[in-house]
Amino acid sequence: MADVNERDDQGRKQARASPWLLLAPGVVFLFLFFFFPLFTLFQMSLSYRPSRFEDPVFGWEWSNYSEAFSQYGEQFSRSFVYAGLATLAALAIAYPLAYVIAFRGGRYKNVLLGLVVVPFFTNFLIRTLAWKTIVGDQGWVVDTLRWIGILGENESLLRRPIAVVGGLTYNFLPFMVLPIYVALEKIDPRLVDAARDLYSNTWRAFRKIVFPLSLPGVFAGSLLVFIPAAGDFVNAYYLGSAKTTMIGNVVQNQFLVQVDYPVAAALSFVFMAIVMMIVVVYSKILGTEDIA
Amino acid sequence: MTALAPTTAPRREAMTGTVTSPSGRVGKALVNVMAVLALGYLFLPIFVIVLFSFNEPKGKFNAVWQQFTLENWLHPFSDTALTDALILSIEIAVLASLVATVLGTFLAIALVRYRFRGGSGVNFFLVLPLTTPEIVLGASLLTLFLEPHLVLANQQFTLGFTTILLAHIMFCVSYVAMTVKARIRGFDWTLEDAAMDLGASPSRTFFKVTLPLIMPGILAAFLLSFALSVDDFIITYFVSGPSTTTFPVRIFGQSRTATPPQINVLATMILVVSVSVMFVATWFGQRRQRRMGIS
Amino acid sequence: MTDRQEHIRKEALRLARLAGAPRLNRRQFLGRAGALLGVAAVGPTLLAACGGDDDSSGGGDGGGGGGKSVAISNWVDYMAPESKQAFTKATGISLDYKEDINDNNEYFAKVRPNLSKDQSIGSDAFVLTDWMANRMINEVKWVQPLDEAKFPNKVNLRPSLQSPAFDPTRKYSAPWQSGITGIAYNLIETGQEIKTIDDFLAVEGSTTVLSEMRDTVGLFMLATGADPTKATYASAQPAFEKLAKAFDDGSIDGTNGNEYVNDLASGNLAAAMAWSGDVAQIARDNPDVRFAVPEAGGMLWSDNFMIVYTSDKPDLASEFIDFFYDPANAAVLTNYIQYIAPVDGVDAELVKMGGDAAKLVDDPLVVPTPELLENVSIFGPLDENEEEQFDERFAEITGSG
């Protein structure tokens with residue numbers, strides 16, 4: 001049992017066979033149902049339809065990609081813009097909350113963190129439908145905005161980009177709060193005290209010390225909000241209009257309504273490639289530990 | 001879900017007492033107000049959902065407040081299609097979480113416990129499903145299930161229970177692995193050697209020493225998987241068959257045609273159960289910590 | 001447990017405690033393990049209980065006791081609540097009635113993977129619109145003939161519906177209901193009556209058109225003076241341009257399947273392209289919601305009952321449609337859903353029912369008058385290529401949302 005005695009400084013074993021035995025079931029499963037499907041998706045993206053209702057046949061149809069771009073470029077850019085705006089909005093809302101929980105939560109820290117998570121125990125669709133009720137034309141939000149004069153008599157919030165971005169912001173907010181909280185929690189308070197002495201004012205201490213130290217959390221949170229937001233179709237479906245459709249709506253519609261698999265597959269593949277590139281860049285800079 | 005996992009980071013007192021300037025005090029109050037507003041924002045739709053479970057809608061849509069009634073709560077399961085969908089969702093969630101928890105825990109143990117060539121590669125491979133947009137996961141699984149493949153023993157899938165289950169296990173495995181990994185990172189593996197040096201067999205060591213110690217992490221991962229599985233719509237929508245309708249898929253269908261208040265009643269029930277589970281888990285966690293003399 | 005083992009356990013726990021790991025006594029540990037084992041034991045039972053779910057042909061639990069059962073997929077609000085029980089009472093067949101069709105294309109996409117591989121879809125029969133019935137009967141051939149022996153009431157089918165081009169002898173299909181596509185509006189929101197497509201486009205509040213291509217394009221073709229009964233891609237160009245312009249300048253906010261009913265009732269929409277019976281049902285709760293057939297004309301369509309080729313119960317499914325071809329049963333349906341029944345003799349039954357039902361006889365949207373029938377068109381047949389051209393152009397304009 002030579003391997004038992006060879007340990008690194010954390011007491012971890014160096015071994016050959018046993019980790020792979022433990023890894024095998026999970027890795028094989030993920031290979032079959034995560035990695036391999038991506039391959040079949042790629043295959044589909046290069047297929048053509050012999051007739052409208054038959055299963056597509058593989059044939060190096062690169063034209064699917066050009067068609068995807070030329071026809072749905074608008075939805076593409078819109079998805080990234082909306083997701084970017086939602087990420088910024090989520091950051092603005094989440095940071096003060098995470099800050100207060102981490103530094104002023106005291107013994108209620110866990111309770112407060114629980115409160116952040118609790119709303120997300122109700123189903124995603126039901127939450128979005130509730131937002132539709134709240135910002136609907138008969139709701140008090142629109143009534144108030146019309147009364148103040150921000151909205152005209154016949155203007156609505158629903159079906160506008162702001163409604164979609166608002167829905168995205170809400171639905172992925174905890175993914176921003178939790179990583180920022182974790183990052184802030186790691187900061188040694190003595191460091192902050194020292195900074196406060198040094199810079200003499202809280203705001204500058206925050207800017208020079210706390211914020212830079214929380215950046216890994218901010219980055220991780222941004223990624224965790226941006227990715228699902230860019231790929232979402234539910235918010236645009238319930239809260240948007242024909243002018244706010246996103247890439248998810250197109251993929252959903254092409255796959256599950258129009259039955260035009262190849263172009264939709266090309267579209268999803270390009271979308272995933274862009275997202276993966278972002279993730280790889282992130283993980284190179286920050287390491288995968290912070291993403292998960 | 002961090003709330004399920006009370007951190008073992010050193011406890012610190014709230015930082016007070018050093019703020020002197022009035023502007024600092026105003027700033028501090030401002031930040032507090034912003035945090036309270038953020039919490040309010042988080043809870044606003046929840047309030048609406050719970051409130052409308054007591055609504056007596058005029059017509060088929062529970063979207064405009066009419067009047068208070070207890071009728072919906074007295075007949076929470078009267079929409080049988082919706083109830084069946086919820087039962088199916090729970091069945092799938094239990095099975096998917098069980099399998100995902102076993103697979104994910106093995107992965108986590110292997111990654112934390114052993115240093116081996118390819119470890120960081122596996123780590124990256126595990127993160128990928130978490131960073132792939134759901135719509136892509138759903139679409140890719142649909143293309144997988146459309147026709148038989150050699151690597152899957154030429155099995156011809158029927159969109160339905162099996163395909164939903166496989167999809168849910170897939171997206172839960174990585175979450176489980178990450179959760180368990182984070183929880184056992186500080187674990188001292190020399191304990192196992194101690195047990196074995198004292199004559200325990202490897203399997204006995206695993207069941208008597210290792211497993212009890214990492215059990216809280218496994219439990220948290222199981223609960224997380226369960227919550228993710230019950231809630232999933234996008235992936236499930238792609239791989240569910242015409243006759244297998246989960247709770248979210250049913251809601252999506254109904255939202256277009258009629259929304260009975262039972263949707264809100266069931267959603268509120270799920271919320272209450274989840275919060276209770278979270279509360280109990282946290283309470284146990286804190287009791288454990290107290291016994292360990294950490295806090 | 002031997003002393004030695006006990007000793008090992010204590011020792012390991014002591015070490016664990018020293019290392020700062022949480023302490024578990026034996027009872028706690030057993031409790032936890034027990035809970036997990038419990039779940040593990042329930043798992044396989046559940047698996048066994050629901051393993052057959054996706055393959056069970058015909059769907060429906062049979063109502064227990066091995067009785068006869070039939071599963072029907074239909075559109076929402078296409079059934080009177082009392083009719084379901086009446087059917088089971090009259091025939092002894094328990095009914096698994098699913099309201100899972102929201103859109104012809106979406107339903108087609110949902111069943112395509114299964115039906116193209118000879119797999120069950122959990123339903124014995126479904127109800128789809130004329131053009132989709134054409135695809136099911138003549139293109140993909142995923143339906144089987146109705147069982148004439150179990151469908152004696154077929155004689156009650158209205159003569160005008162007896163020989164459509166897609167099924168000249170009604171071998172595979174039986175109309176479930178017919179309806180008219182027009183404009184629904186909320187009088188309070190619009191402030192005035194809507195009489196034409198241009199009125200509709202001029203509405204200030206939010207408006208939507210139907211995601212059903214033939215309905216929307218058909219109404220726009222009529223408004224641009226084209227004839228949808230002889231639709232060609234060329235003749236539809238003015239209609240497509242008008243539609244594209246309306247989407248561009250925001251006169252139309254999007255497309256809706258069945259969802260417009262919700263938005264119209266809750267006031268989120270001022271006006272929408274809509275189906276006659278739906279609007280009649282909303283108007284019961286909200287009398288401000290009106291329906292109009294545009295002056296240039298409306299669209300007439302039928303939804304057709306068909307039996308899936310994978311079903312092994314064509315006889316039971318045929319008994320189902322036979323039940324609703326009895327004028328008395330058809331009248332109960334009509335009274336509730338307020339579409340146009342395909343069965344002769346319904347008017348007489350409605351009069352017999354008296355009250356509000358009798359008044360329906362005078363509603364041209366339920367019992368169409370010759371003048372109304374003069375003003376509505378049926379969308380003509382499109383070949384596969386043309387249909388694809390229409391669909392693609394329509395998807396492009398509506399943003400595929």
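These numbers were taken from a predicted model, which means no experiment stands behind them.

A. Summary view of the overall build of chain B. Of regular secondary structure, chain B possesses 11 helices and 1 strand. The linear arrangement of helices and strands in chain B, starting from the amino end, is α-α-α-β-α-α-α-α-α-α-α-α. Projecting the C-alpha coordinates of chain B onto the three principal axes gives extents of approximately 70 × 70 × 35 Å. Counting only residues that meet the buried cut, chain B has 55% of its 295 residues in that class. The contacts in chain B between residues at least 6 apart in sequence include a share of 77% that link residues at least 24 apart.

B. Up close: the overall build of chain C. Scanning chain C from N- to C-terminus turns up 17 helices and 11 strands. A total of 401 residues make up chain C; the buried ones form 51% of that total. Considering only contacts in chain C between residues 6 or more positions apart, those separated by 24 or more positions represent 75%.

C. A look at the domain arrangement of chain C. Residue and element names in this part refer to chain C. On domain assignment, one finds that chain C holds domain 1 (69–178 + 302–365) and domain 2 (179–300 + 379–398). If you average the C-alpha positions of domain 1 and of domain 2, the two centres end up 25 Å apart. Taken together, the 15 residues of domain 1 in the interface contact 16 residues of domain 2. Secondary-structure elements contributing two or more residues to the side of domain 1 that touches domain 2 are helix 5 (130–139) and strand 5 (173–186).

D. Highlighting the interface of chain B and chain A. Contacts between chain B and chain A engage 90 residues on the former and 90 residues on the latter. Broken down by element, the side of chain B that touches chain A gets its largest block of residues, 16 residues, from helix 1 (residues 22–52) of chain B. Partitioning the side of chain B that touches chain A into residue classes produces 65 nonpolar, 17 polar and 8 charged.

E. Up close: the domain arrangement of chain B. Along its sequence, chain B is organised into domain 1 (21–76 + 261–295) and domain 2 (80–259). Contacts between domain 1 of chain B and domain 2 of chain B engage 11 residues on the former and 9 residues on the latter.

F. Structural detail: unusual backbone geometry. In this model, A153 of chain B sits at a positive phi of 60°, which is unusual for a non-glycine residue. In this structure, A153 of chain B sits in the loop between helix 5 (134–146) and helix 6 (161–184).

G. Just the interface of chain A and chain C, in detail. Every contact between the two is made by 21 residues of chain A and, on the other side, 27 residues of chain C. For the side of chain A that touches chain C, the residue count by class is 7 nonpolar, 9 polar and 5 charged.

H. How the structure looks around the pairing of strand 10 (residues 298–308) of chain C. Residue and element names in this part refer to chain C. For strand 10, the tally of buried residues reaches 11 of 11 residues, placing the bulk of the element in the interior. In terms of strand pairing, strand 3 (residues 125–129) meets strand 10 through 5 bridges, oriented antiparallel. Across the sheet, the residue bridging to L128 is N304, located in strand 10. With 2 bridges connecting them, strand 4 (residues 143–144) and strand 10 associate as antiparallel partners. What sits directly across from Q144, in strand 10, is I307. Where strand 5 and strand 10 come together, 8 bridges link them in antiparallel fashion. Among the inter-strand pairings, S173 is bridged to a residue of strand 10, identified as M306. The pairing of strand 10 with strand 11 (residues 376–377) spans 2 bridges and is parallel.

I. Summary view of the confidence of the model for chain C. All names here are of chain C. When pLDDT is averaged along chain C, the result is 83, and 83% of the positions lie at 70 or above. Note that residues 11–65 has pLDDT below 50 and, in this model, 73 contacts with residues that lie over four places away or in other chains. The ipTM assigned to the predicted complex is 0.88, against a pTM of 0.85.

J. Highlighting the environment of E295 of chain C. Residues and elements named next belong to chain C. By the element assignment, E295 lies in the loop between strand 9 (289–292) and strand 10. With 81 residues separating them in the primary sequence, E295 and V376 have C-alpha atoms 9.9 Å apart. In this view, E295 contacts K195 and T196; residues no more than four positions away in its chain are not counted.

K. Quick peek at the pairing of strand 8 (residues 271–275) of chain C. Residue and element names in this part refer to chain C. Within strand 8, 5 of the 5 residues are buried, which leaves it mostly tucked inside the rest of the structure. Here strand 6 (residues 207–210) pairs with strand 8 via 2 bridges, running parallel. Within strand 8, the position partnered with T207 by the bridge is A271.

L. Spatial organisation of helix 4 (residues 104–115) of chain C. With 12 residues, helix 4 of chain C should cover 16 Å at 1.5 Å per step; its first-to-last C-alpha distance of 15 Å lies within 8% of that length. N104, N105, E106, Y107, F108, K110, V111, R112, P113, N114 and L115 of chain C are the residues of helix 4 of chain C that are buried.

M. Representation of the packing of helix 5 (residues 124–135) of chain A against helix 7 (residues 161–171) of chain A. Residue and element names in this part refer to chain A. Two numbers describe how helix 5 lies on helix 7: the axes approach to 11 Å, and their chain directions differ by 140°. As judged from the angle between their axes, helix 5 and helix 7 are oblique. Seen from above, helix 5 lies across helix 7 with right-handed handedness. Taking contact as the criterion, the partners of F124, R127, T128, W131 and V135 in helix 5 are, on helix 7, A163, G167, Y170 and N171. Residue composition of the contact of helix 5 with helix 7, grouped by class: 5 nonpolar, 3 polar and 1 charged.

N. Fine view of the nonpolar core. Residues A94, A98, V177, I180, Y181 and L267 of chain A together with A139 of chain B are the most contacted members of the largest nonpolar core, which totals 179 residues. If one sorts the elements of this core by residue count, helix 3 (residues 80–113) of chain B sits on top with 20 residues. Looking at which domains feed residues into this core, each of domain 1 (21–76 + 261–295) and domain 2 (80–259) of chain B supplies at least three. The contact partners of Y181 of chain A, leaving out residues within four places of it in the chain, are A98, I101, A102 and L113 of chain A. By size, the runner-up hydrophobic cluster in this structure holds 109 residues, among which are M136, V143, F305 and Y325 of chain C.

O. Region of interest: the environment of I263 of chain B. Residue position: I263 of chain B is located in helix 11 (residues 262–292). Using a count of 26 C-beta atoms within 10 Å as the deciding quantity, one classes I263 of chain B as buried. For the pair I263 of chain B and F247 of chain B, spaced 16 residues apart in the sequence, the C-alpha separation amounts to 9.4 Å. Beyond its immediate chain neighbours, meaning those up to four positions away, I263 of chain B contacts I126 of chain A together with L82, I251 and Q254 of chain B.

P. Summary view of helix 14 (residues 346–353) of chain C. Residues and elements named next belong to chain C. Turning to helix 14, its buried residues are V346, E349 and L350. Buried residues of helix 14, viewed axially, fall in a sector of 100°; they line one side. More than 90 degrees from the buried face of helix 14, the exposed residues found are A348 and K352. Elements in contact with the buried residues of helix 14: helix 13 (327–337) and helix 15 (355–360). Positive phi appears at G354, one or two residues downstream of helix 14, with a value of about 70°.

Q. Looking closely at the environment of K84 of chain C. All names here are of chain C. Along the chain, K84 turns up in helix 3 (residues 81–91). Residue classification places K84 among the partly exposed positions, given that 14 C-beta atoms sit within 10 Å. Sequence separation between K84 and M299 is 215 residues, and the spatial gap between their C-alpha atoms is 30 Å. For K84, the contacting residues outside a window of four places in its chain are M79, L95 and Y97.

Definitions and limits used
- Residues numbered from 1 in each chain as written.
- Chains lettered and ligands numbered in written order.
- Predicted model: local features only at pLDDT ≥ 70, side-chain atom pairs only at ≥ 80, totals over all residues.
- Helix = DSSP H or I, 4+ residues; strand = E, 2+ residues; numbered from the N terminus.
- Buried ≥ 20, exposed ≤ 12 C-beta atoms within 10 Å, placed from the backbone.
- Contact = placed C-beta atoms within 7 Å.
- Domains from an automatic or database assignment.
- Nonpolar A, V, L, I, M, F, W, Y, C, P; charged D, E, K, R; others polar.
- Pairing = 2+ DSSP bridges.
- pLDDT = per-residue confidence, 0-100.
- Expected span 1.5 Å × (residues − 1).
- Axes fitted to C-alpha atoms, helices over the stretch in contact; angles between N-to-C directions.
- Parallel < 35°, antiparallel > 145°, perpendicular 65-115°, else oblique.
- Left-handed = near helix turned anticlockwise from the far one by under 90°.
- Core = buried A, V, L, I, M, F, W, Y, C linked by C-beta atoms within 7 Å.
- Arc of directions from axis to C-beta.

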